[in-house]
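# Structural description and commentary
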Amino acid sequence: MKKYLVILFLTFGGAAFAQETYWQQQVSYNIDVALNDKDKSLTGFETIVYKNNSPASLDFIWFHIWPNAYKQESTALFQQLKNDTSRVKKMDKVTYGSIEGLDFKVNGKTAVVEPHSNPQYIDVIKVKLPDVLKPGDSVRISTNFKVKLPSYFSRSGFADGEFMACQWYPKPAVFDKNGWHEFPYLDMGEFYSEYASFKVNITVPSQYIVGATGVLQNADELNAYKSIGAKNAANRSGDPVKYQPLNKKPTKKLTYEISNVPDFAWFADKSFVIQYDTIRLASGKVVDAFNYYHDKKPTLWNNSIDCTKDAVKKYSSWVGEYQYPVVQVVEGPENNSSGGMEYPTITLITSPDAKKESLDAVIAHEVGHNWFMSMLGSNERLHTWQDEGLNTYFQFRYEAEKYRTNSVFGDAIPAEVKALPEKEFLSRLYNAMSNIPMKSAIDLPADKFISSDDYSMTSYIKTALWLFLLENEVGRDKMDKAFQFYFSQWSGKHPQPEDMKAAFETSLGTNLDGYFQLLNKEGQFK
């Protein structure tokens, strides 16, 4: 009996200990920003309150000033794009972007700012604190800034009258138990950001429709979006109802608020069609859903709000209830890439809409990142699989359940396979995926993959296959319970791979050392 008690302590005690010793920094933003659509720029001022919850005293804070990644071809971003044949096309006819006018003050005192020692990292700076920030203390940091937006490439910029304000404001790098994570912006490899509360005032010309992270606080504007959007959701075959400015002033100020999210992005276009509906979750919680898309004919986007709703319902039932009050999907500009890019409560979709199931799959994947990026804030740069791979595993289930399709194989799936029950259909697909050459190990930092193809195949597909191996071993019900326990323990936090392992071991009641060692295995799983 004593032997089994020891096993139970080792299995269940690890997760509890990790929770008791865990800490993370606390950040709040108050930002005012104005769009100049003529010169494609943003002018802003931000105040940040940064609380040091770590056991260490800090005499500086690393800041990301990521608009500078777009400034010149010597940056880490441009060097990565140049060295990847499948991504270099993104640089065709680009215009550069940058950030300037920074004037950091710490508790009202002008701060000393130092560049990063790596000359490619001009989008990372060190803000020196005039006084040591002790554990438990807070500091107020403010600065002006002006952003010149690039032409749209690598997630941010402007194109075809649409503005995508992403990676646009100065933000502290993450400081966690492993120290500072002051990495530069890259195209292949995403983010790791401190959880924060945001109050953002966005001033735009009055004709623009805006979608942004968080909840719109202007009651008149929000009611207009809902009224117009509900009409467009109800009548999808005729001409859509268009937004008209609520007054004759040249500009309007829109305020957005949200708490406990790792980032803030916003999108603006004069010609967006708005769709609006609500999502009732199993608990009774009601979530507002908005889709913003271009008025093209024909388009599958007039039914896209259904995809957004389905994704939120499915992921809520599989992983854990959606925690935010709103979810939004934005159609991006036509460009030389396809897919999407996710931010908390809002995502940009740039995929062609040639097929309903293809558009639905991309929307589901990008909405799914609200779980595996935002609510579970893993380090995507070091452990891409903890975001993209976990999300892809559920995306594949979503596609199989609704359509008997799969984004990897597309039209190549034989009719007799599509006729199979959903679980058997997935089993056949994963068996086929196991034969795809995937050389790299899953748990490889994003910037270490030899190409974007290698990065995508390994981080997305190989990880989904890795998860399916466990599902086959323990069964889907237990697999879902393991994910739900992981989510309940780590939502709103920064889980590391060892935290996921401990949560799964606790839920499943078994040791997963050998299974998690597969994350470091090169080549196929055989």
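Residues numbered from 1 in each chain as written. Predicted model: local features only at pLDDT ≥ 70, side-chain atom pairs only at ≥ 80, totals over all residues. Heavy atoms only, no water.

## As for the sheet that holds strand β20 (residues 273-280)
Strand pairing in a sheet is mediated by backbone hydrogen bonds. Such pairs are either parallel or antiparallel. Worth spelling out the cut-off: Paired strands, in this sense, are two strands between which DSSP finds at least two bridges. Helix and strand definitions here come from DSSP, where helices need a minimum of 4 consecutive H or I residues and strands a minimum of 2 consecutive E residues; each element is numbered from the N-terminal end. What counts as an axis is a line fitted to C-alpha atoms, over the stretch in contact for a helix, and the angles between N-to-C directions run from 0 to 180 degrees. Only heavy atoms matter for contacts: two residues are in contact if any of them lie within 4.5 Å across the pair.
One open sheet holds the five strands; their spatial order is β20-β21-β22-β24-β23, and the pairing between them is mixed. Two strands in the sheet have a free side with no partner beyond their single neighbour: β20 and β23 (340-343). Pairwise comparison of adjacent strand axes, ignoring direction, gives a mean angle of 15 degrees for this sheet. Where β20 meets strand β21 (residues 286-293), eight bridges bridge the pair, whose relative direction is antiparallel. Paired with I279 across the strands is V287, a residue of β21. Of the strands in this sheet, β22 (326-331), β23 and β24 (346-349) are in contact with helix α5 (residues 356-368), which crosses β24 at around 145 degrees.

## Thoughts on helix α12 (residues 497-508)
Note: α-helices contain 3.6 residues per turn, so residues at a spacing of three or four share the same orientation. Rule in force here: Multiplying one less than the number of residues by 1.5 Å gives the expected span of a helix. Here's how the labels work: a residue is buried when its accessible area is under 20% of the maximum for its type, exposed when over 50%, partly exposed in between, all with a 1.4 Å probe on protein chains only.
For α12, built from 12 residues, the straight-helix expectation of 16 Å at 1.5 Å per residue is met to within 8% by its first-to-last C-alpha distance of 16 Å. Taken across its 12 residues, α12 has 10 buried, putting it largely inside the fold. Here α12 has its buried residues at P497, D499, M500, K501, A502, A503, F504, E505, T506 and L508. G509 sits one or two positions beyond α12 and adopts a positive phi of about 70 degrees.

## What about unusual backbone geometry?
Residue P298 is reached from K297 by a cis peptide bond, and omega for that bond is -5 degrees. Topologically, P298 is positioned in the loop between β21 and α4 (304-318). Its identity as a non-glycine residue notwithstanding, S154 has a phi of 50 degrees, on the positive side. Along the chain, S154 falls in the loop between β9 (138-148) and β10 (157-159). Residue classification places S154 among the buried positions, given a relative accessible area of 3%.

## Observations concerning the side chain of Q25
This is how it is decided: We call two N or O atoms a polar contact when they sit within 3.5 Å, provided that within protein one can donate a hydrogen and the other can accept it, with sequence-adjacent residues counted only if both atoms are side-chain atoms.
Secondary-structure assignment places Q25 in the loop between α1 (2-21) and β1 (26-36). Side-chain polar atoms of Q25 contact the backbone nitrogen of N53, separated by 2.8 Å. Among the polar contacts made by the side chain of Q25, one reaches the main-chain amide nitrogen of S54 at a distance of 3.1 Å. Residues within four places of Q25 in sequence aside, it is in contact with Y50, K51, N52, N53, S54, L58, F175, E194 and Y195.

## Some details on the packing of aromatic side chains
Selection rule: Planes of paired rings set the category: under 30 degrees apart is stacked, over 60 is edge-to-face and the rest tilted, where pairs are Phe, Tyr or Trp rings (Trp by its six-membered ring) whose centres lie within 6.5 Å. Note on geometry: a ring has a charge over it if NZ (lysine) or CZ (arginine) is within 6 Å of the ring centre and within 35 degrees of the ring normal.
Enumeration according to the criterion identifies 52 aromatic pairs in this entry. With 5.3 Å between their ring centres and 35 degrees between their planes, Y315 and W371 make a pair best called tilted. Residue Y315 is found in helix α4, and its partner W371 is found in helix α6 (residues 370-375); the two are separated by 56 residues along the sequence. Here Y315 falls in the buried class, since its relative accessible area comes to 0%. Ring geometry for Y315 versus F394: centroids 6.0 Å apart, planes at 50 degrees, classification tilted. Linking Y315 in helix α4 with F394 in helix α7 (residues 388-403), this pair joins segments that are 79 residues apart in sequence. Each member of the pair, Y315 as well as F394, carries the same accessibility label: buried. Taken together, the ring pairs in this structure connect Y315, W318, Y322, Y324, W371, F372, Y393, F394, F483, Y486 and F504 into an aromatic cluster. Looking at K126, its charged tip hangs above the ring of F60, at a distance of 4.3 Å from the centre. Positioned above the aromatic ring of F525 is the side chain of K462, whose terminal nitrogen or guanidinium carbon lies 5.4 Å from the ring centre.

## Notes on the pairing of strand β11 (residues 162-165)
The side-chain alternation of β11 yields two buried faces, one formed by E162 and M164 and the other by F163 and A165. The turn joining β10 and β11, which pair antiparallel and follow one another in sequence, is formed by two residues; a positive phi near 55 degrees is taken by D160. Judged from the three bridges that link them, β11 and strand β19 (residues 266-269) form a sheet pairing that is antiparallel. Note that in β19 the partner of A165 across the bridge is W266.

## Structural notes on the environment of E257
On the secondary structure map, E257 appears in strand β18 (residues 251-261). C-alpha separation for the pair E257 and G214, spaced 43 residues apart in sequence, amounts to 5.2 Å. Beyond its immediate chain neighbours, meaning those up to four positions away, E257 contacts F198, K199, G214, V215 and Q217.

## With respect to the packing of α4 against α7
Note the cut-off: The crossing is said to be left-handed when, going from far helix to near helix, the turn is anticlockwise and less than a right angle, and right-handed when the turn is clockwise.
Here α4 crosses α7 at 115 degrees, and the two axes come no closer than 11 Å. As for how α4 packs across α7, the hand of that crossing is right-handed. The segment α4 lies against α7, with C307, D310, A311, K314, Y315 and W318 engaging N391, F394, Q395, R397, Y398, E401 and K402.

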